[in-house]
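Each chain is listed here by its residues.
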There are 2 protein chains.
Amino acid sequence: MKIARFRTGRRVAYGVVFDEEIAEIRGSIYTKFRITDTRYPLSEVKLLPPTEATELWGPGLNFLDHLEFAGSVFGQEAPPVPQHPQPWRKGRNAMTGVNDPIIIPKDTAGEVHYEGEAVAIIGKTCRRISPERAGQFILGYTCGNDVSERAWQRDDWTFWRAKGADTFAPVGPWIETEVNPTGLDLLVRINGAEAQRCNTRDMLFTFPEIVSYISQQVTLRPGDLVFSGATGVTCAIKPGDTVEVDIPGIGVLSNPVIAEFDASGPG
Amino acid sequence: MKIARFRTGRRVAYGVVFDEEIAEIRGSIYTKFRITDTRYPLSEVKLLPPTEATELWGPGLNFLDHLEFAGSVFGQEAPPVPQHPQPWRKGRNAMTGVNDPIIIPKDTAGEVHYEGEAVAIIGKTCRRISPERAGQFILGYTCGNDVSERAWQRDDWTFWRAKGADTFAPVGPWIETEVNPTGLDLLVRINGAEAQRCNTRDMLFTFPEIVSYISQQVTLRPGDLVFSGATGVTCAIKPGDTVEVDIPGIGVLSNPVIAEFDASGPG
C-alpha cells in the first residue's frame, strides 16, 4: 500500500494511492484508518513530505563503497569500517517534498551534492528494542536525498548546515508499506542520465539494526525518518538540474534544483 | 513576564506565573494572548518544558574558560577559539521539564556530566536575519542543562547520544520575557553545593549572534531552543543527586538524577 500526505486546496490529508488516484483516509496512518470514497486524481493534488517528522536520522557511513569518497571529502584516507551505526541528526527544517525545489544557498561554493537513499518511516514509539523486533516498528519506506554541501561538511565541526540546510532533505513521494527493504535497487538520475546505482542489500547495517541501535538511547516516534546512508561517489548538482531518486517498488522522488536569489529567504 | 507550560489533570495549557499562582492564557504565546481568570496554585500544577520544541541548538564552544576542558574530554589540547558559532542539534527527544528526572542510562560508564546554561526561546519564524535584528525574534529566556556523557562524546562520531539521549535536555521552569540576556549570573548546585558559576557576559557569541548565524541556512521556528554553551570544568552526576541550574532573574531548574533500572525503557 502507498500512503501519501497531500494538500488539496487549503486542506492537508493522508490518502492511499491507487494508480492515478488518491483516496483520502480517516484515522491515523500509525494506528487505524479506513479508506473513504473521497478520491482525487493524483495529478490534481500536491504531494507533501509523507510524514511530519520530529527527527531525521542518518546512520553514518553505511556502504563500504562510500568510505573512500567520504574520506576524500576531508582530504583524508578512507575511514575505518564502522563497527556499529554512527547516527547523526539531519534536521527537520531540511525536509521538502517531491517536485519541490532543492535550493542552492547563495553563499555556497558550488559543492552541493546529491545522495540518493532509501528511508525507513517509524510507525510506533520505540525504546530499547532489539534488531529482531525493530522491523515491527517500521511503517514502510520511501525515497530520500541526503543533499550535502561538501565544503561545509569539511570545514564545520558538525553537519548542522552541510546536511541540514533548508531543502536539503527531499523525501517522498509516498510511504510504501509492503516492500522488502533488504534487496531494493536504487538509482539516481541527473537530468535523465544515471548518476548512481546501488542496492540496499549492501547496507553495512540493515534498517532494523540502525533503528534498534538508535533506540538504545533515544525514543523514536511515529513519523521519524531513518536514512540508509549513501553509496559510492557523488557529484555536484546545479541550478537547472533535475535530480531523481528512483527505487523500483517504491517510486520516484524528483526535485528541481534552483538558486537562492533573494537575501531575505529561500527563493 | 513568566510564561509557563503546565498540566492540570489531563489538560495541557500555557499560563503566566504571578508569585505562587499561575493564570491560564487564551491565544498563542507566539502571537497574541489574554490572561484569563482561571488561576491555579503553582504548587498544584505540573510544569512542563516551556515549549514544544521542533529543534534544540547548541552553539559549539562558547566560553573561553571551557576550551581547555573541552579539549581534555578528547585527550587533546584546547581547541582553537571558534571564529564563528559551530552549531549542533541536541535532539528534542532529550527534552524534559523542571523536577523531572535525569535518567543515567544503564550502559554508561559513569561519565554523565551537568552543563548549566541559559537558553533562548525563538518567538517568530526567522531566516537570514542579521545579528542586529535577531533579538526581535527571541521570545525570552529559560534555564537549561546540557547533560553530556563524556565517554560517548569522546568515542562517537557525533553527539547524537552523548548530548541527545532521552532526558539529557532539562529546560525550565518557565520563559522569562523581560530579562537582559547579556549579564546574567548562572549557578549550578549539586545537592545544594555550588559546582559552577559564570555570567552570560562571557559568551563568545551572544544569543542574537548565534540565532543570526544559524538562520543563515536554517529556518528557525517558534519554540526552538538555543543554548548558551557551557563554561569551565564540569563533573559527573550520579543517581541520588539533585542538580539545580539557577539564573537569578529567570528561575531555578531543579532535577533529580536517577538510574535507569529497566531494560524496556526509562525508569
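Focus: the interface of chain B and chain A
Each partner contributes residues to the interface: chain B has 27 residues there, and chain A has 27 residues. By residue class, the composition of the side of chain B that touches chain A is eight nonpolar, eleven polar and eight charged.

Quick look at the nonpolar core
By size, the foremost hydrophobic cluster in this structure holds 134 residues, and its most contacted members are V119 and V211 of chain A together with V119 and V211 of chain B. In this structure, V211 of chain B is in contact with A120, A134, F137, I138, L220 and V226 of chain B, ignoring residues within four places of it in sequence.

Some words on the domain arrangement of chain A
All names here are of chain A. Domain boundaries in chain A define domain 1 (1-48) and domain 2 (49-259). If you average the C-alpha positions of domain 1 and of domain 2, the two centres end up 25 Å apart. On the domain 2 side, the residues contacting the nine residues of domain 1 number 17 residues. Within the residue set of the side of domain 1 that touches domain 2, elements represented by two or more residues are β1 (2-8) and β5 (46-48). Broken down by element, the side of domain 1 that touches domain 2 gets its largest block of residues, four residues, from β1. Looking at the side of domain 1 that touches domain 2 residue by residue, the class counts come to seven nonpolar, no polar and two charged.

A look at helix α4 (residues 207-215) of chain B
Residue and element names in this part refer to chain B. Most of α4 is tucked away, with seven of its nine residues classed as buried. Those residues of α4 that fall on the buried side of the exposure criterion are F207, P208, I210, V211, S212, I214 and S215. Those residues of α4 hidden inside the fold are in contact with β6 (56-58), β11 (116-122), α2 (131-134), β12 (138-145) and β17 (225-227).

Observations concerning the relation of the copies chain B and chain A
The two chain copies are connected by a rotation around an axis plus a translation along it. Between the two copies, chain B and chain A, the superposition gives an RMSD of 0.0 Å; the rotation angle is 180 degrees and the shift along the axis is 0.0 Å. Seen this way, the second copy is the image of the first under a two-fold rotation axis. Of the interface residues in chain B, 100% have counterparts in chain A that sit at the interface too, so the contact is made through matching surfaces.

The rules we used
- Residues numbered from 1 in each chain as written.
- Chains lettered and ligands numbered in written order.
- Predicted model: local features only at pLDDT ≥ 70, side-chain atom pairs only at ≥ 80, totals over all residues.
- Contact = placed C-beta atoms within 7 Å.
- Nonpolar A, V, L, I, M, F, W, Y, C, P; charged D, E, K, R; others polar.
- Core = buried A, V, L, I, M, F, W, Y, C linked by C-beta atoms within 7 Å.
- Buried ≥ 20, exposed ≤ 12 C-beta atoms within 10 Å, placed from the backbone.
- Domains from an automatic or database assignment.
- Helix = DSSP H or I, 4+ residues; strand = E, 2+ residues; numbered from the N terminus.
- Least-squares fit on C-alpha atoms with pLDDT ≥ 70 in both.

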